[in-house]
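Geometric and topological summary
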Protein chains: 2
Amino acid sequence: MTTHGEGSLKKVFRDNQLKATPQRLDVLKLLMTCSEHLDAEEIYQRLLKKKKNVSRATIYRTLEVLVEHDFVRKLDFGDGRMRYEQNQNPEEHHDHMVCQVCGKVIEFYNPKIEDLQELVAQNHNFVMLSHTMHIYGLCSECAEGHNGNE
Amino acid sequence: MTTHGEGSLKKVFRDNQLKATPQRLDVLKLLMTCSEHLDAEEIYQRLLKKKKNVSRATIYRTLEVLVEHDFVRKLDFGDGRMRYEQNQNPEEHHDHMVCQVCGKVIEFYNPKIEDLQELVAQNHNFVMLSHTMHIYGLCSECAEGHNGNE
DNA sequence: TTTTAATTGAGACGCATTATCATTTGGAAG
DNA sequence: CTTCCAAATGATAATGCGTCTCAATTAAAA
Ligand SMILES: [Mn+2]
Ligand SMILES: [Mn+2]
Ligand SMILES: [Zn+2]
Ligand SMILES: [Zn+2]
């Protein structure tokens, strides 16, 4: 469990010629200590609760910067808004299952699928830079209410 | 190469208790004779050129209906608008590679990946109802300009 | 032909995100 | 510690895709 001191967070920005403003530190710190997949509004509200006032515009701008520098991943689960999560280990890219009933997000990492994706790309002389794979359906809990054997 | 007569297109709607209006037939016919991945505005413009005036609202409504009844697939390539394609053989679900330079879309079908997706879902007691997998990067043509061996 | 519920078109509206711009500030230089 | 200015922020206007509203039209059943 990595404990990020204030200093190491500042380093994240300064190493990339970016000012380490309190607003940026607040957004980054929140994402680094959160396992959920938050959207911009949720980030705004959570910071508000902690008396950290960061304007929505700045949240969007900060997220853009963090995504550009690979500290954060931007995810689209198809519900009309983007979600964000820390990009812990970029080499072990995880994908997502999203329950269409309760919204729960389950993460998974499957090296076989990753390899096959790379293979498919190569077969088409396509240079893969990124990929997304989302499985939509019913989580185990929500599936119980939908089948006959309960 | 399936040639859809006007009559068979009407059947598509009537079989689902939907009025076979000229607007709906125009939208469906366009998609059935098109291999591209069009967005709503492109559909609107193409119909305009053919003197087929269908309002944007009706295009959206028709697409919604066609997607609901599995005649059309709705795709999100992450560029801020939805794209649509005919759903030829639902049992052989194809996925997409999207070139981030020229926008070209390459389709592929990989049964191994499909199987692994189902397996992953089962391992989490997750009922997979649908899935998306997009590979983003550079198509063969656009990659030439980006590497050193040209 | 009559009848009516479904559909359409025009435009208002919603909502996530981006752009604008005057004001503030991080941090480098001295 | 001050000075200084490009970078960053906040307030809010603007954008753009998509949905909603509602009066007028129409498919198609009777
Ligand atoms: Mn995740
Ligand atoms: Mn396709
Ligand atoms: Zn669920
Ligand atoms: Zn290309």
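Residues numbered from 1 in each chain as written. Chains lettered and ligands numbered in written order. Predicted model: local features only at pLDDT ≥ 70, side-chain atom pairs only at ≥ 80, totals over all residues. Heavy atoms only, no water.

1. Regarding the protein's contact with DNA strand D
- The environment of DNA strand D is made up of 20 residues, and the closest members are A:Thr21, A:Thr58, B:Arg14, B:Tyr60 and B:Met82.
- The contact in question runs from a base nitrogen of DNA strand D to an N or O atom on the side chain of A:Lys19, over 3.4 Å.
- Measuring from a phosphate oxygen of DNA strand D, one finds a side-chain N or O atom of A:Arg24 at 2.8 Å.
- In terms of residue class, the surface near DNA strand D is built from seven nonpolar, six polar and seven charged. (Near = heavy atom within 4 Å. Polar contact = N/O pair within 3.5 Å; in protein donor to acceptor, adjacent residues only side chain to side chain. Nonpolar A, V, L, I, M, F, W, Y, C, P; charged D, E, K, R; others polar.)

2. Some words on the pattern of salt bridges
- Inspection of the entire model under this criterion finds 20 salt bridges over all chains.
- With its nearest N and O atoms 3.2 Å apart, the salt bridge here joins A:Asp79 to A:Arg83.
- Classification of A:Arg83 as buried rests on a relative accessible area of 12%.
- Residue B:Glu41 pairs with B:Arg56 through a salt bridge whose shortest N-O separation is 2.6 Å. Taken together, the positions of B:Glu41 in helix H3 (residues 40–49) and B:Arg56 in helix H4 (residues 56–68) put the pair 15 residues apart, joining distant regions of the chain.
- Bridged by salt links that share partners, the residues A:Asp39, A:Glu42, A:Asp79, A:Arg81 and A:Arg83 form one connected network. (Salt bridge = Lys/Arg side-chain N within 4 Å of Asp/Glu carboxyl O. Buried < 20%, exposed > 50% of the residue type's maximum accessible area, 1.4 Å probe, protein only. Helix = DSSP H or I, 4+ residues; strand = E, 2+ residues; numbered from the N terminus.)

3. Concerning the sheet that holds strand E3 (residues 82–86) of chain B
Residues and elements named next belong to chain B.
- Strand order in the open sheet made by the three strands is E1-E3-E2, with antiparallel pairing throughout. This sheet does not close on itself; its edge strands, each paired only once, are strand E1 (38–39) and strand E2 (72–76).
- Across five bridges, the pairing between E2 and E3 is antiparallel. Following the sheet pairing, Val72 is matched in E3 by Gln86. (Pairing = 2+ DSSP bridges.)

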